[in-house]
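# Residue-level structure breakdown
Here is what each chain is made of, one letter per residue.
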Amino acid sequence: MVVAAILTLAVGTYTMRLGGVVLRDRLELSASLQRLLPMAAAALLAALAATATLMAGTGLAGVARPAGVLVGGLLAWRRAPFVVVVVAAAATAALLRLAGVP
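First, a word on scope: everything that follows refers to the structure included in this document. (Residues numbered from 1 in each chain as written. Predicted model: local features only at pLDDT ≥ 70, side-chain atom pairs only at ≥ 80, totals over all residues. Heavy atoms only, no water.)

So, about the overall build of the protein chain. When helices and strands are tallied, the protein chain shows four helices and two strands. Scanning the protein chain from its N terminus toward the C terminus, one meets helices and strands in the order α-α-β-β-α-α. Relative to the compact-globule value of 13 Å for 102 residues, the protein chain shows a C-alpha radius of gyration of 20 Å, a clear excess of over 25%. Considering only C-alpha atoms, the protein chain reaches an extent of 55 × 45 × 25 Å along its principal axes. By the burial criterion, 10% of the 102 residues in the protein chain qualify as buried. Considering only contacts in the protein chain between residues 6 or more positions apart, those separated by 24 or more positions represent 39%. For the protein chain, the accessible surface area stands at approximately 8300 Å², while carbon and sulfur atoms represent 75% of it. (Helix = DSSP H or I, 4+ residues; strand = E, 2+ residues; numbered from the N terminus. Rg over C-alpha atoms; globule rule 2.2 N^0.38 Å. Buried < 20%, exposed > 50% of the residue type's maximum accessible area, 1.4 Å probe, protein only. Contact = heavy atoms within 4.5 Å. Areas by Shrake-Rupley, 256 points an atom, 1.4 Å probe, with all protein chains shown as cover.)

Here it is, written out as structure tokens:
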């Protein structure tokens, strides 16, 4: 059952990607829509990041996870190396949880 679901999703993903390549020359997008599409993609990624940061299952994630994400975001904004960003974010969340902060 799980294998069938994975195969179905894989075929669906491939068809959507193939549809973009095939229909590229057939669809004419207005200039305003072409300007809005990159912003829509950024808004979608921001919403996904916020959801993953703030939610754990059906409840709130607590304080430790958003604090770790905040530390990682600040270090990434300051152009720290990727490994430093990941380790600092994980260490912040882990130390806060070790201190009893949810």
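To continue, consider unusual backbone geometry. We note that Arg-79 has phi near 65°; this positive angle belongs to a residue other than glycine. Relative to the elements of secondary structure, Arg-79 occurs in the loop between α3 (64-77) and α4 (82-98).

Attention now goes to the packing of helix α2 (residues 31-54) against α3. For any two helices packed against each other, the geometry comes down to the angle between their axes and how far apart the axes lie. Between α2 and α3, the shortest axis-to-axis distance is 8 Å and the interhelical angle comes to 135°. In terms of their interaxial angle, α2 and α3 are classed as oblique. Of the residues in α3, those touching α2 at Ala-52, Thr-53 and Leu-54 are Arg-65, Pro-66 and Val-69. (Axes fitted to C-alpha atoms, helices over the stretch in contact; angles between N-to-C directions. Parallel < 35°, antiparallel > 145°, perpendicular 65-115°, else oblique.)

This next bit is on a nonpolar patch on the surface. Side chains of Tyr-14, Leu-18, Val-22, Leu-23 and Leu-27 sit close together on the surface and give an oily, nonpolar patch of about 500 Å² of accessible area. For Val-22, the position within the fold is in helix α1 (residues 2-23). (Patch = residues over 30% accessible without salt bridge, like charges linked within 9 Å, V, L, I, M, F, W, Y side chains within 5 Å. Salt bridge = Lys/Arg side-chain N within 4 Å of Asp/Glu carboxyl O.)

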